Amino acid sequence: MLPITSFVSKGIGIKKVACGGNHSLLLLEDGSLFWCGDNSVGQCAPIGKENGDTPNKSCSWVSVPGKYIDVACGWEFSVVIDSEGMVMTRGKGCKGELGVPEVTESDAWNALFRVQDRRNATCHAAFQHCAVVDRNVVFAWGNNRKQQICGESSLKVVDSPREIYHGRGSSEYVRVAVGKDFTFILVDKEGKQDLILQGPLQQELPRIISKLDADQTTVKQFASMWSSLHLLTESGHLISIGRGSHGQFLQNPIPSNTIGFAAGSEHGILITSGMEVYCWGWGEHGNCGPLRPQGSSLESENHVTAHHVNDKSNVISPLNLIGKYENVEAVYGGCATTWIVTRSD
């Protein structure tokens, strides 16, 4: 499939796109929030007759009351940090995803705790667990069956926010990524980096460190798919660990002019300085674009309506050029969806 226009922000920048199993959240720079997709368990908005005309599903964007600084989506739930710094969840989760003991479904926001750093706090979610970064402290909750939150093997579910990392100084810069069965924490401090992995991928941490040391480089950016973790180094290499059975691991080097990348459920998206967008990985739903016949051009195909339909030509995708644009601000990956944010001057 070729990209189609989904949302126009009318002069306000798009800050983030977050995607769950069948729902999406779109956050603007001014804190406005919109949702679309499945709302059958209240993961986006209240449901039921008493709530008027709120739909259980929407194919267009619907405004969410309030202002927010960050958002994330799990399979059937959403987690946000509002403008007052409150971390909140809603939707459905039987593995502690809502962060409230004995609550597995809610179509209203559940207030969990208030962050100290309203400006920079971030929230993250994967299939069945969540994490919040507040300054140099990381909290997490949800499924712990693979010890993706903490090393207590007897604790299968963490049903309320739990501190899993606490830094030693205010100079630390802490970043997080979560996959289906793992949590990755990267700490920058005084020119050095500490890498922390919870879950089965922990055994591959020495290999990452060895590659970084061999190249005398550090991690510039990272992103997680459900079953793999990918790190872009300052030297321009992509290090991947985890599962690569559906093309998640690139076989060839990334373009030398790569400036950033993102990951969806099992596919990756990258941007170059030439404003080209590429995808790779599991593309069975058209999320990595069609494979073009040899000799065809982007320009000729961009005008072919038929290419908005998934032709199943690219189920396991090599690095595939999706398009070249005027101004690409960011890319985001969802559950078999690819999102490209562009700016119009």
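Residues numbered from 1 in each chain as written. Predicted model: local features only at pLDDT ≥ 70, side-chain atom pairs only at ≥ 80, totals over all residues. Heavy atoms only, no water.

Description of the sheet that holds strand 9 (residues 122-125)
Formally: For two strands to be treated as a pair, DSSP must find at least two bridges joining them. In this description a helix means any DSSP run of H or I spanning at least four residues, a strand means any run of E spanning at least two, and both kinds are numbered starting from the N terminus. In this analysis an axis means a line fitted to C-alpha atoms, helices contributing only their contacting stretch, and an angle means the value between N-to-C directions, from 0 to 180 degrees.
What the four strands build is an open sheet, ordered 9-10-11-12; its pairing is antiparallel. Only two strands of the sheet have a single partner each, and these edge strands are strand 9 and strand 12 (157-166). Sheet twist, expressed as the average angle between the axes of neighbouring strands with direction ignored, equals 15°. Bridging between strand 10 (residues 129-134) and strand 11 (residues 137-143) involves six bridges; their strand directions are antiparallel.

Some points on the side chain of Ser-58
Here is the rule we go by: The buried label applies to any residue whose accessible area, calculated with a 1.4 Å probe on protein chains only, is under 20% of its type's maximum; exposed applies above 50%, and partly exposed to all values in between. Here a polar contact is recorded for every N or O atom pair within 3.5 Å, except that within protein the pair must consist of a potential hydrogen donor and a potential acceptor, and residues adjacent in sequence are included only if both atoms are side-chain atoms. We call two residues contacting when some pair of their heavy atoms lies within 4.5 Å.
Looking at the secondary structure, you find Ser-58 in strand 4 (residues 57-64). A relative accessible area of 8% places Ser-58 in the buried class. One polar contact links the side chain of Ser-58 to the main-chain carbonyl oxygen of Ser-60, over a distance of 2.6 Å. Apart from the residues lying within four places of it in its own chain, the contact partners of Ser-58 are Trp-35, Cys-36 and Gly-37.

Thoughts on the state of the cysteines
Worth spelling out the cut-off: Sulfur atoms of two cysteines make up a disulfide when they are within 2.5 Å.
Per the counting criterion, the structure on display carries zero disulfides. The cysteine Cys-150 is free of any disulfide, with Cys-130 supplying the nearest cysteine sulfur at 15 Å. Look at Cys-150 and you get buried, because its relative accessible area is 8%. Unpaired in terms of disulfides, Cys-279 finds its nearest cysteine sulfur in Cys-288, a separation of 5.0 Å. The class for Cys-279 is buried, based on a relative accessible area of 0%.

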